[in-house]
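As a plain string of letters, each chain reads:
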Amino acid sequence: MTHDNNQPNSIKLAKQCANLLVNKKAQQLTVLDLRGLASYTDCLVIASATSIRHVTTLGQHLTQQLTQDGIRPLSTEGETGSSWMLLDYGDVVVHLFDEETRLHYDLEGLWADAPHIA
């Protein structure tokens, strides 16, 4: 990850989340810039997992790594064994899906006008 001191903190955090997820073999990673499009967050990080167990692994890894940096989610949705997990970091919301669930919710389609950061 390249560090750009001119980037907003939300963009930096979204990229950090993306890098951490890629390190645990997340697939089809997308980062959407929702600044000016949504009032509840600046960025969405969306990633696919290869299985329900992988969804849990990705969520746990992200939470553990960010907690080490003093960054904790405001809330989480989706329990162990779920096909979907949401981690809300305020300015960044992370969605982790198995492939079928991701297709069903189609967040990229919902936010088709949003610029892609990654």
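Before reading further, recall that the structure is shown in the block above.
Residues numbered from 1 in each chain as written. Predicted model: local features only at pLDDT ≥ 70, side-chain atom pairs only at ≥ 80, totals over all residues. Heavy atoms only, no water.

**Q** Explanation requested: the sheet that holds strand 3 (residues 75-77) in the structure shown.
**A** Sheet strands line up and pair through hydrogen bonds in the backbone, either parallel or antiparallel. With respect to topology, five strands assemble into an open sheet ordered 1-2-5-4-3, the strand pairing being mixed. Strands with a single pairing partner mark the edges of an open sheet, and in this sheet they are strand 1 (27-33) and strand 3. Strand-to-strand twist of the sheet, defined as the mean angle between neighbouring strand axes without regard to direction, takes the value 10 degrees. With five bridges joining them, strand 4 (residues 84-88) and strand 5 (residues 92-98) adopt antiparallel strand pairing. Bridged to Met85 within strand 5 is Leu96. (Pairing = 2+ DSSP bridges. Helix = DSSP H or I, 4+ residues; strand = E, 2+ residues; numbered from the N terminus. Axes fitted to C-alpha atoms, helices over the stretch in contact; angles between N-to-C directions.)

**Q** Looking at this structure, how should I read the nonpolar core?
**A** Most often, soluble globular proteins keep nonpolar side chains buried together rather than apart. One finds Leu21, Leu62, Val92, Val94 and Leu96 to be the most contacted residues of the largest nonpolar core, which totals 23 residues. For this core, the elements supplying multiple residues, two or more each, are helix 1 (9-23), strand 2 (43-49), helix 2 (52-68), strand 4 and strand 5. The element contributing the most residues to this core is helix 1, with seven residues. Discounting residues that sit within four places of it in the chain, Leu96 has contacts with Leu21, Ala47, Val55, Leu58, Gly59, Ser83, Trp84, Met85 and Leu87. Leu32, Leu86, Trp111 and Ala114 belong to the second largest nonpolar core, which has 11 residues in total. (Core = buried A, V, L, I, M, F, W, Y, C linked by side-chain atoms within 4.5 Å. Buried < 20%, exposed > 50% of the residue type's maximum accessible area, 1.4 Å probe, protein only. Contact = heavy atoms within 4.5 Å.)

Bear in mind that shape data such as this cannot, by itself, settle questions of function.
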